[in-house]
Structures are given as C-alpha cells and as structure tokens.
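Summary of the model geometry
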Amino acid sequence: MRLAGRWLAAFALANLLCWPLLPGYAALLAPWVGSIWNVLAAADNALHWQTLEPLRWTWESGLAGQQSGRMWTWNLTLLLTGLAAVDGLTWRQRLIGLPAGIGALAIWHVFDLLLSMESQWLTLHQPEGYNLASPSLWFLLIKFLNNLTVLGLRQLVPLLLVAAAWQLARLRSKGAAVQQPHHGADQQQ
Amino acid sequence: MLLLVWLAALHGVWQLERRTTNRYLDRPLTVAVTAMSGLVADVILPFPVERRGDSVLASGNTAVIVRAGCNGAEALLLMLAGILAVPASSSMRLAALARYLPALFVLNLVRVVGLLFVMVRFPSSIGWMHDQVAQGVMIVAVLLMWMDHLRRLDLSARGQPVSEAA
C-alpha cells in the first residue's frame, strides 16, 4: 500500500511539474525528425510542418498527417515518476539518471515519430496494403511496428529505462561490496 | 527481453485478429467496455449519457469513442506479457491473471467515464487528461500490479504465506 502511494504521489508530482513544460518538448524535437525524414524520403514525399502543437504536417504530394505531441510527453512523466519512486537509487543516481533517461527517450521519440509518419504515409498512399490477400511485406512490417509502439512500447520504454538505471545501480553496489574486503586486506598489509 | 518478445507476439495476434475477423478479441472487448462504461456513467455522472452503436458513449454533442487504446487493450496485453515473461507455475499465473485483468478492466471503465466527465465539464483539459494523465495512471497501475505479482512469487518461492508481508 505504501509502495502504491509512493508511485501515485510521484506520478501526480511529475504531472504537475511537467504540465507547463511539456508542449515545448514536441516543438523542440519535431523539426529534427522532419529533417531526418526529408533526408531519408524520396523527393515526392518531402515533408513540411504546418503546426507544432499538435504536430501537423503535409507531404509534397498534398497528403497530410498529424500526431499529438502529448502522446510523447506522458512518456517523460512516466520516466520522472519511475526515477522518483523506484527503490534502491541514491539521489545522485536519480539526478544522473534524469538527463541520461531524457536523452535516451528523445532518441526513442525520433524513431517513434518517423515510424508514425511512415505508417500514415502508407495508409494514405497504399491503402490496398490492408488487403491481406496480396500482402506487402514493408506495409505489414510498418503497421505491426507502429501498432506495437503505440499500444505497447510507448508505455514500456520509460519504465525499461528506469529498470536499466536500477539494474546498473544494483550492479555497482554489488561491485562495491565485493571490492571492500580487498581494501581492508590491503590496509592490513 | 522475454517481456518484449511476449508483448510483440501478443500484439501480433491481436492485430491479425483485428484486421481479419475482428470478432473474438478487440471488438468484443470494445463492446463490453462501452456497455459497462455506459452503465457506470448512468449511475455516477451528474448528466444523462447515451450509448451510440458499439463503441461510442455520448452526452449531448460530446462523445467518447472507445476503440483500440481506449478499450484498455494496451494495459491488458502489457499485464499479460508481464505475467508470461516471469517464470512461475501455471496456477500462479492463472491466479495472477484472475486477480489483475479484471482489476485493470474496472480501472479502465473508471478512466472512460472520467474522460467523458472531463470532456463535458472541462473540455479544455481533455487533451492533457486523455493523452497524459489517464494513460499514465493505467501504466502505473500495471506496474504496481506486476510488482505485486513478483512479490507474491518471491514469497511463494520462500514458502511464506502471501498475507504475511502484505
């Protein structure tokens, strides 16, 4: 019960802290993603931003796509919640974990938005891909990955980052515990 | 790693079913969540709520569409993958599924009804509540239930009754 209380309190606090800051996050990241898309894409599907909150874009061909920037930013809230509430981390480890986690999450979000753009592009450009009688491997792969991301990985990735920080801290403390008797032996000599 | 493999496999099955028959998994869940949310909303919300079709709850001009995501599938699949990824006896797994999946289903009903309330009474806050708070609460709930499952497995492996450490 205390554990649940701590996690829910951390979640409430993370939401309050992030609420005023979050709309800027998507606006900061999206132009980078657009640039990567335009490097990777063919000339006929180059992308132009319309608005950054919510994220709306058009392709050269006139087709348009969109995504809510907040679909990403609740990931940041989960990361903050996890770092604040998980047991077994010192405050120093939590503070170091924050910029490291945000950096890793930003890289994940770049991949996430590129995947979402490709998925929306395929829906508009190749709607026949949904016909499973004549499957397109690329279409199915992108649709599968996008659904997995939207309904599974977005939820999991911030918690996996917290789990990685926790695991790292545990390994370090075990390593320190193993090293300490040797120091004692050295001092005796 | 095993968690990711299970999650991918479960999502593969779920998506395939949704794109082919859509009669056994996603649609029945959506219909059940819509119907039961409607019943809960009738009891606790201070305004009339009507069910439109299989997946829409509405009050006047405001409507909540219960589809993939809002039907709680993501939390249920994550919980299922979490239980399958950890080594345990079949009886422990079944007990965990029986304990946590209904709890998540009920929590999702509260989420859907709560979102309808926010949409009607505080429409400017719906983006924040829907995209950020409501989803986050579901995932924190899944995590807490999963940690409870791990605690129960640990106690069971040490031969202690679960109630002792609760």
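Just so we're clear, the structure is a prediction, and the values are computed from it rather than from any experiment.

Reported here for the second largest pocket is a volume of approximately 770 Å³. What lines the second largest pocket is a set of 27 residues, among which A:A163, B:L143, B:W146, B:M147 and B:L150 lie closest to the centre. Of all the secondary-structure elements, those providing two or more residues to the lining of the second largest pocket are helix 1 (2-18) and helix 5 (137-188) of chain A together with helix 1 (2-19), helix 3 (73-85) and helix 5 (126-157) of chain B. Its residues assigned to classes, the lining of the second largest pocket shows 22 nonpolar, 2 polar and 3 charged.

Take the pairing of strand 3 (residues 64-67) of chain A next. Only one face of strand 3 of chain A is covered, namely the one carrying A:G65 and A:Q67; the face carrying A:A64 and A:Q66 has none of its residues buried. Turn length for the strand 2 (residues 55-59) of chain A-strand 3 of chain A hairpin, with the two strands adjacent in sequence and antiparallel, is 4 residues, and the turn residue A:G62 shows positive phi of about 100°.

Structurally, B:E74 is set in helix 3. Note on B:E74: relative accessible area 2%, which makes it buried. Apart from the residues lying within four places of it in its own chain, the contact partners of B:E74 are A:L151, A:Q155, B:G69, B:R111 and B:Q135.

Residues and elements named next belong to chain B. The end-to-end C-alpha separation of helix 1 is 26 Å, in line with the 26 Å expected for 18 residues at 1.5 Å each. When helix 1 is considered as a whole, its buried residues turn out to be L3, L7, L10, H11, W14, Q15 and E17. Relative to the axis of helix 1, the buried residues are bounded by an arc of 160° and lie together on one face. Turned more than 90 degrees away from the buried face of helix 1, the exposed residues are V13 and L16.

Overall, the predicted model of chain A reaches an average pLDDT of 86, with 93% of residues at or above 70. Element-level pLDDT for chain A is lowest in helix 5 of chain A, with a mean of 83, against a maximum mean of 92 in helix 4 (residues 91-125) of chain A.

Let's shift gears to the pairing of strand 1 (residues 47-52) of chain A. Residue and element names in this part refer to chain A. As paired strands, strand 1 and strand 2 are joined by 5 bridges and run antiparallel to one another. Counterpart to H48 in the pairing with strand 2 is T58. In this antiparallel pair of consecutive strands, strand 1 and strand 2, the connection spans 2 residues.

Residue and element names in this part refer to chain B. Axis separation between helix 2 (residues 26-44) and helix 4 (residues 90-121) bottoms out at 9 Å; the angle between their running directions is 60°. On the basis of their axis angle, the class for helix 2 and helix 4 is oblique. In this structure, helix 2 meets helix 4 at a crossing whose hand is right-handed. Facing helix 2, whose interface residues are L29, A32, V33, M36, S37, V40, A41 and I44, helix 4 presents F105, N108, L109, V112 and V113.

About the criteria used
- Residues numbered from 1 in each chain as written.
- Chains lettered and ligands numbered in written order.
- Predicted model: local features only at pLDDT ≥ 70, side-chain atom pairs only at ≥ 80, totals over all residues.
- Heavy atoms only, no water.
- 1 Å grid on protein atoms, 1.4 Å probe; cavity = no way out; pocket = protein on both sides within 12 Å on 5 of 7 lines; lining within 4 Å.
- Points joined across faces, edges and corners; volume = space filled by probe spheres on them.
- Helix = DSSP H or I, 4+ residues; strand = E, 2+ residues; numbered from the N terminus.
- Nonpolar A, V, L, I, M, F, W, Y, C, P; charged D, E, K, R; others polar.
- Buried < 20%, exposed > 50% of the residue type's maximum accessible area, 1.4 Å probe, protein only.
- Pairing = 2+ DSSP bridges.
- Contact = heavy atoms within 4.5 Å.
- Expected span 1.5 Å × (residues − 1).
- Arc of directions from axis to C-beta.
- pLDDT = per-residue confidence, 0-100.
- Axes fitted to C-alpha atoms, helices over the stretch in contact; angles between N-to-C directions.
- Parallel < 35°, antiparallel > 145°, perpendicular 65-115°, else oblique.
- Left-handed = near helix turned anticlockwise from the far one by under 90°.

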